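Examination of the molecular architecture
Letter by letter, the chains look like this.
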Amino acid sequence: MRIAAAQARCPWLDPAAGTAKVLDFLNDAAGQGVELVAFPETFLSGYPFWVERTDGARFDDPDQKRAYAAYLDAAVELGGPELAQITEAVRDLGVFTYLGISERSGGTVYCTLVAISPEEGVVSAHRKLVPTFEERLVWGSGDGHGLRAHSFRGVRVGGLNCWENWMPLARQALYAQGVDLHISVWPGSTALTRDITRFIAREGRVWSLAAGALFSYADVPADFPLYDRLKELGPRADGGSAIAGPDGEWVVEPVAGEERLVIADLDLAAVRGERQNFDPAGHYSRPDVLQLQVDRRRQATAHFTD
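Now for a look at the structure at hand.

Analysis parameters
Residues numbered from 1 in each chain as written. Predicted model: local features only at pLDDT ≥ 70, side-chain atom pairs only at ≥ 80, totals over all residues. Heavy atoms only, no water. Helix = DSSP H or I, 4+ residues; strand = E, 2+ residues; numbered from the N terminus. Buried < 20%, exposed > 50% of the residue type's maximum accessible area, 1.4 Å probe, protein only. Polar contact = N/O pair within 3.5 Å; in protein donor to acceptor, adjacent residues only side chain to side chain. Contact = heavy atoms within 4.5 Å. Phe/Tyr/Trp six-rings, centres within 6.5 Å; stacked < 30°, edge-to-face > 60°. 1 Å grid on protein atoms, 1.4 Å probe; cavity = no way out; pocket = protein on both sides within 12 Å on 5 of 7 lines; lining within 4 Å. Points joined across faces, edges and corners; volume = space filled by probe spheres on them. Axes fitted to C-alpha atoms, helices over the stretch in contact; angles between N-to-C directions. Parallel < 35°, antiparallel > 145°, perpendicular 65-115°, else oblique. Nonpolar A, V, L, I, M, F, W, Y, C, P; charged D, E, K, R; others polar.

By the secondary structure assignment, T42 is in the loop between β2 (36–38) and α2 (62–74). With relative accessibility at 0%, the residue T42 sits in the buried group. At 3.5 Å, the side chain of T42 and the backbone nitrogen of Y47 are in polar contact. When residues no more than four places from it in sequence are discounted, the contact partners of T42 are Y47, G100, I101, S102, C111 and W139.

What follows is the structure, encoded as structure tokens:
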């Protein structure tokens, strides 16, 4: 299987332009024979870059309220037109797609990784289990509903958002489902992907694909409430998309600063070979001693009735 990370500059807080860019990359991927592609964390409609640089934790600050409102308005819904259009393209092009979105549900935004199958449409929407540090000022906490592996053309694949790739039990929840390919999605940083991409590959004896975005504070739209405090800050996300083989060695080292598809050809025989001496969910596990339980129920917001 030919796989790819779509390392792209995010049209920040512009879901229409973001959708168009996803469609462009999907067409490019299909034209290059790619069968599975992953887009960065919250690529549609953007990562909350402003929080760490504008006193995001200042309580009841009117500028922060307006910034959050703008971010909420730009987020997309699972049943919305953006994902419907992308799902149709995935079906037409035959490219299995992992897409990071800022998902709007009521007044809350979730960091969500959506898996879209050409045959079945959206097969999972994984909300990030624990937003990292300042992200907790913007995103709600997720659940285990989307901790699922999927089969596509003989390959088992699963994915996680950013730092939850460092959560051992979250990784094991996917390994235990027999994944051959692990997807990790990031806001965009060679520093973030350099260690964990290879670590996952070697630990899970899996192919490991990291997808990161490009972003500069100059990309912030002029009508964003905190634009004047951000416009002079310069580059923020440098990409970092990379691919490692199941022996933990680089196939494509982290790519910085380039907007392009990062492509490799996946060989399942390499996975089988590496599991000869270590299989974390098979002969090197001890289910009689160590067991993992995963609650995959969606944690819905409470509704009050008379």
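Tallied over the entire structure, the rule returns 15 aromatic pairs. Judged by centre distance (6.4 Å) and plane angle (75 degrees), the rings of F25 and F39 are edge-to-face. With F25 in helix α1 (residues 15–31) and F39 in the loop between β2 and α2, this residue pair connects regions lying 14 residues apart in the sequence. With respect to burial, F25 and F39 carry one shared label: buried.

Attention now goes to the layout of surface pockets. One number sums up the size of the largest pocket: a volume of about 360 Å³. Residue lining of the largest pocket: 13 residues in total, with Q172, P280, S285, L290 and Q291 positioned closest to the centre.

Following both chains from N to C, one finds α1 and helix α3 (residues 81–93) inclined at 5 degrees, their axes separated by 10 Å at the closest point. With respect to α3, the element α1 is oriented roughly parallel. From α1, P15, T19, V22, L23, L26, N27 and A30 reach across to α3, where they touch E82, Q85, I86, A89, V90 and L93. For the contact of α1 with α3, the per-class residue count stands at nine nonpolar, three polar and one charged.

Interpretation note: all reported values are geometric properties and have no functional meaning in isolation.
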